Amino acid sequence: MILDLKGVGEQTAAKFYKLGIVSIKDLVEHYPKEHEDRRSVVAINNMAIGEVNNIIGRVVMRPEVSPTKYGIRVSVWIGDGTGKVKAVFFGQPYLKSTFIVGELFNFYGKVMLNGGKFEMQSPEFQKACNYTAMIVPIYASTVKLSQKVIRQHMANALKVIDIVENLPQELLEKYKLMGKKEAINNIHFPVTPDSFFQARRRLVFEELFLLQLCLYKLKQDFKTRNEGTQKHMPDDFNSFIKCLPFQLTGAQKRVTAEILKDMSSFYATNRLIQGDVGSGKTAIAAISLFVAVRNGYQAALMAPTEVLARQHFEFLEQLFKQFNINVALLTGSITKKQKRLLLEDINSIDIVVGTHALLEDNVTFNNLGLVITDEQHRFGVRQRFKFSDKGVHPDVLVMSATPIPRTLALILYGDMDISVIDELPPGRVPIKTNAVTTGYYDRIFSFMKTHIGEGRQCYIICPMVEENEKLEELKSVVEYSNELSESVFKGYRVEHLHGKMKGSQKNEIMERFAGGEVDILVSTTVVEVGVNVPNATIMLIENAERFGLAQLHQLRGRVGRGLHESFCILVSDSKNKDTKERLKIMQQSTDGFVIADTDLKLRGGGDFFGTKQHGLPEMKIANLYTDMEVLKIVQAQLEQDKDVLEDKYGSLLASRMQEIIL
Ligand code: ADP
Ligand code: MG
């Protein structure tokens, strides 16, 4: 436990807990986000203005102390014979007795010119006798835990922890990998840049290797490539296609053909359908369901939210009625009795639509021939496998709107065929996106009123409010919708929706919104995926800085689904450079792949590629884009070992499987 470390008391421990660090192992696995090279010291008159400099100098006079509105200011002049620099600190009055005239200190901080003089604001400092030329780690720290304190405890932790090698010797030798202990030490306190790179390479290898190993094992256990069922083209296929409310796009036709070919083959279908938001994946699902049912099989469709499951259910029920195909809904919010009746009668049901409630053990099918997972990225890997395990080698389709980079696709769907719907239905007017500050509310609201006047509807999205957050800064859904309906939107039909509401309540509101009985839906991100209300044309996103690009793109995808021109308004007062860049991309592009790509460049990982989005644990060190080379090596190795996974890596598997596969 972190409390066992010398110098860590309850208070410090509590701060570490906030970072998710409980044990000493957690601490040493809290890898630095970057390093600073402090191996050389510059002379004061050689300092680079506007940049961070590392200097050593003597305190040349007694510190000055003066009150300011930011707290007590202590300023101290440091000289090294070549020049002088003033270091300024706020709110730390005790520093006046730290800086004793004549003593040597090491300062590290950004230098500015103030009235022609050098000045460093709140630099890091230490007594010069403690200074050691080194490469210094910088850690992610969200709480009041200084870099200095983390570093000091990290150094202690590294001294006491017993680090055991976990990769087989054979791999270490074959790929010239640094030993684990050395790697952990060097990832924190590298002696040279090269030792850092070697350490990183080793840890990236380990991380990707363990992840891939577990996924390989899982795939083997579930044997996805299997003899399946051969399904034939139904006689009334064409009349079914004619019953769809639109003509299929070229891309939809192509993907349908790919699926039909799979379904009619000897092997079970195992296909990922990728298509940007609004590209029309539901229709593809409907066609596949039809084919399965006409061949005498049951089929199931799973969606990540109640709202979406119900929406699919209603669409399919309506569509299939005329073909005498019955559809049932199974979600967490149907009553116990309804559920019991459904399960008793499940053999007479052709298609079951539901949420992850479908995965419960007591849900068993008689003759399941096709399973479809919609918005697949919202489910964990294990859930994907569990779903297909409900039948005997059923055809498997997974649908996703999240553009997946090749790297991640290889990790996650290495065993799947991929179809891409790369065309939007015709007649769509591109969505106009604007990023504005809260100063624009008057104009936004009157813009909304104009559109509501023309019969359209609007979404207003507020970020989810976490318990410990200051409520007043963020608009909470309930309060905000009340406020709006009593002021600017008095007389309008305003409703709200959030995740904590009862399922039946959510459904009712969503149905009324879809039926055009609500003008403005104030909601959290529960409407983020899949929801389809083509008459809604304005998407207003509050505190847009709180959302990642992937999320903004998904949310925006709720509008622009019909023939009317649609708008997305991103409201944010944030001055943060990253945020501004993100919002700018949203204004410039509506193409999910372009946005994802920019996201990647901007943030290395980006939230499109955040592994969490895809049901995998967060990577501690590997970057799924830049570490592609290592990934390939790992995959080649595992491919070679695939028949001896248990023999060779049994203990690794045992230790990590639970952790890695959620
Ligand atoms: P997503 O791929 O995001 O799941 P949906 O299947 O919900 O997209 O379809 C988005 C909207 O486009 C829906 O209103 C749907 O009725 C409509 N749509 C789908 N395919 C076509 C098409 N070929 N022509 C016209 N509209 C279509
Ligand atoms: Mg969809």
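Keep in mind it's a predicted model, so treat the numbers as computed, not measured. (Residues numbered from 1 in each chain as written. Chains lettered and ligands numbered in written order. Predicted model: local features only at pLDDT ≥ 70, side-chain atom pairs only at ≥ 80, totals over all residues. Heavy atoms only, no water.)

### Considerations on the site of ligand 1
Taken together, 17 residues lie around ligand 1, and Gln247, Gly278, Thr282, Arg428 and Arg561 are the ones closest in. Take Gln252: an N or O atom from its side chain is 2.8 Å from a nitrogen atom of ligand 1. Taking Thr282, its side chain carries an N or O atom lying 2.6 Å from an oxygen atom of ligand 1. Burial of ligand 1 by the protein amounts to 86% of the accessible area it has alone, namely 560 Å². In this structure, ligand 1 is accommodated by the second largest pocket. Residues from two domains meet in the shell around ligand 1; each of domain 3 (237-421) and domain 4 (432-589) gives at least three. (Near = heavy atom within 4 Å. Polar contact = N/O pair within 3.5 Å; in protein donor to acceptor, adjacent residues only side chain to side chain. Areas by Shrake-Rupley, 256 points an atom, 1.4 Å probe, with all protein chains shown as cover. 1 Å grid on protein atoms, 1.4 Å probe; cavity = no way out; pocket = protein on both sides within 12 Å on 5 of 7 lines; lining within 4 Å. Sits in = over half its atoms within 2 Å of the grid points. Domains from an automatic or database assignment.)

### Observations regarding the sheet that holds strand 15 (residues 395-400)
Strand order in the open sheet formed by 7 strands is 12-13-11-14-15-10-16, with parallel pairing between adjacent strands. For this open sheet the edge positions go to strand 12 (327-330) and strand 16 (417-421), each flanked by a neighbour on one side alone. Each adjacent strand pair in this sheet contributes to an overall mean axis angle of 20 degrees, direction not counted. With 4 bridges connecting them, strand 14 (residues 368-373) and strand 15 associate as parallel partners. Note that in strand 15 the partner of Val371 across the bridge is Val396. Contacting strand 10 (270-275), strand 14, strand 15 and strand 16, helix 8 (residues 250-263) crosses the sheet at an angle of about 160 degrees to strand 16. Packing of helix 9 (residues 281-294) onto the sheet brings it into contact with strand 10, strand 11 (298-302), strand 13 (351-354), strand 14, strand 15 and strand 16, and relative to strand 14 it is tilted by some 170 degrees. (Pairing = 2+ DSSP bridges. Helix = DSSP H or I, 4+ residues; strand = E, 2+ residues; numbered from the N terminus. Axes fitted to C-alpha atoms, helices over the stretch in contact; angles between N-to-C directions. Contact = heavy atoms within 4.5 Å.)

### Overview of the domain arrangement of the chain
As far as domains go, the chain holds domain 1 (2-172), domain 2 (180-225 + 627-660), domain 3 (237-421) and domain 4 (432-589). Put simply, the middle of domain 1 and the middle of domain 3, counted by C-alpha atoms, are 55 Å apart.

### A closer look at helix 16 (residues 503-514)
Under the 1.5 Å per step criterion, the end-to-end length of helix 16 is 16 Å for 12 residues, consistent within 8% with the ideal 16 Å. Taken as a whole, helix 16 has its buried residues at Gly503, Lys506, Asn507, Ile509, Met510 and Phe513. Elements that come into contact with the buried residues of helix 16 comprise helix 10 (306-321), strand 18 (457-461), strand 19 (494-497), strand 20 (520-523) and strand 21 (536-541). Downstream of helix 16 by a residue or two, Gly516 has a phi angle that is positive, lying close to 80 degrees. (Expected span 1.5 Å × (residues − 1). Buried < 20%, exposed > 50% of the residue type's maximum accessible area, 1.4 Å probe, protein only.)

### Some thoughts on the packing of helix 8 against helix 9
Two numbers describe a pair of packed helices, the interaxial angle and the distance between the axes. The N-to-C vectors of helix 8 and helix 9 enclose an angle of 30 degrees; their axes lie 10 Å apart at closest approach. Taken as axis vectors, helix 8 and helix 9 run roughly parallel relative to one another. With respect to the hand of their crossing, helix 8 and helix 9 are arranged in right-handed fashion. Residues Gln252, Val255, Thr256, Ile259, Leu260 and Met263 of helix 8 form the contact with helix 9, whose own contacting residues are Ala283, Ile284, Ile287, Ser288, Val291 and Ala292. (Parallel < 35°, antiparallel > 145°, perpendicular 65-115°, else oblique. Left-handed = near helix turned anticlockwise from the far one by under 90°.)

### Describing the sheet that holds strand 19
The strand order 17-22-21-18-20-19 describes an open sheet built from 6 strands, whose pairing is parallel. Strand pairing shows two members of the sheet lacking a second neighbour, strand 17 (432-436) and strand 19, which therefore form its edges. Geometrically, the sheet is characterised by an average inter-axis angle of 20 degrees between neighbouring strands, direction not taken into account. Bridge count for strand 18 against strand 21 is 5 bridges, and the pairing is parallel. Across the sheet, the residue bridging to Tyr459 is Met539, located in strand 21. Contacting strand 17, strand 18, strand 20, strand 21 and strand 22 (567-571), helix 14 (residues 441-453) runs over the sheet at an angle of about 165 degrees to strand 21. Where helix 15 (residues 477-486) meets the sheet, it contacts strand 18, strand 19 and strand 20, and its direction lies at approximately 180 degrees from that of strand 19.

### Considerations on the nonpolar core
Core analysis: the biggest nonpolar cluster contains 58 residues, and Phe205, Leu208 and Phe209 have the highest contact counts within it. Formed by 41 residues, the second largest nonpolar core is a distinct cluster that contains Ala283, Ala286, Phe323 and Val529. (Core = buried A, V, L, I, M, F, W, Y, C linked by side-chain atoms within 4.5 Å.)

### Points about the packing of aromatic side chains
Evaluated as defined, the whole model comprises 24 aromatic pairs. Where Phe447 meets Phe567, the ring centres are 4.8 Å apart and the plane angle is 90 degrees; that geometry is what we call edge-to-face. Note that Phe447 is positioned in helix 14 and Phe567 in strand 22, a separation of 120 residues in sequence. By relative accessible area, which is 12% here, Phe567 ends up buried. Just above the ring of Tyr297 sits the side chain of Lys231; from NZ or CZ to the centre is 4.9 Å. Here the guanidinium or amino end of Lys449 rests over the ring plane of Phe489, the centre of that ring lying 5.6 Å away. (Phe/Tyr/Trp six-rings, centres within 6.5 Å; stacked < 30°, edge-to-face > 60°. Lys NZ or Arg CZ within 6 Å of the ring centre and 35° of its normal.)

### So, unusual backbone geometry
Here Lys176, not a glycine, exhibits a phi torsion of approximately 50 degrees, which is positive. Structurally, the position occupied by Lys176 is in the loop between helix 4 (169-174) and helix 5 (180-188). With a relative accessible area of 66%, Lys176 lands in the exposed category. In this structure, Asn324 is a non-glycine residue whose phi angle is positive, near 60 degrees. With respect to the secondary-structure elements, Asn324 resides in the loop between helix 10 and strand 12.

### Some details on the layout of surface pockets
In this structure, the second largest pocket spans a volume of roughly 960 Å³. Along the walls of the second largest pocket sit 38 residues, with Thr282, Gln311, Asn532, Pro534 and Arg561 positioned nearest its centre. Elements with a minimum of two residues in the lining of the second largest pocket: helix 9, helix 10 and helix 16. Considering each element in turn, the lining of the second largest pocket owes the most residues, 6 residues, to helix 10. Each residue belonging to the lining of the second largest pocket can be placed in one class, and the counts come to 15 nonpolar, 14 polar and 9 charged. (Points joined across faces, edges and corners; volume = space filled by probe spheres on them. Nonpolar A, V, L, I, M, F, W, Y, C, P; charged D, E, K, R; others polar.)

### As for a nonpolar patch on the surface
On the surface, a nonpolar cluster with roughly 340 Å² of combined accessible area is contributed by Met1, Leu3, Tyr17 and Val22. A relative accessible area of 37% means that Val22 is categorised as partly exposed. (Patch = residues over 30% accessible without salt bridge, like charges linked within 9 Å, V, L, I, M, F, W, Y side chains within 5 Å. Salt bridge = Lys/Arg side-chain N within 4 Å of Asp/Glu carboxyl O.)

### What about the pattern of salt bridges?
Under the definition given, this model contains 32 salt bridges. Measuring nitrogen to oxygen at the nearest pair gives 2.7 Å for the salt bridge that ties Arg202 to Glu206. One end of the pair is Arg202 and the other is Glu206, both in helix 6 (residues 193-222) and 4 residues apart, which spans about a single turn. Comparing Arg202 with Glu206, the two get one shared label, buried. Linked through salt bridges whose partners overlap, the residues forming this network are Arg254, Glu258, Asp262, Arg271 and Asp422.

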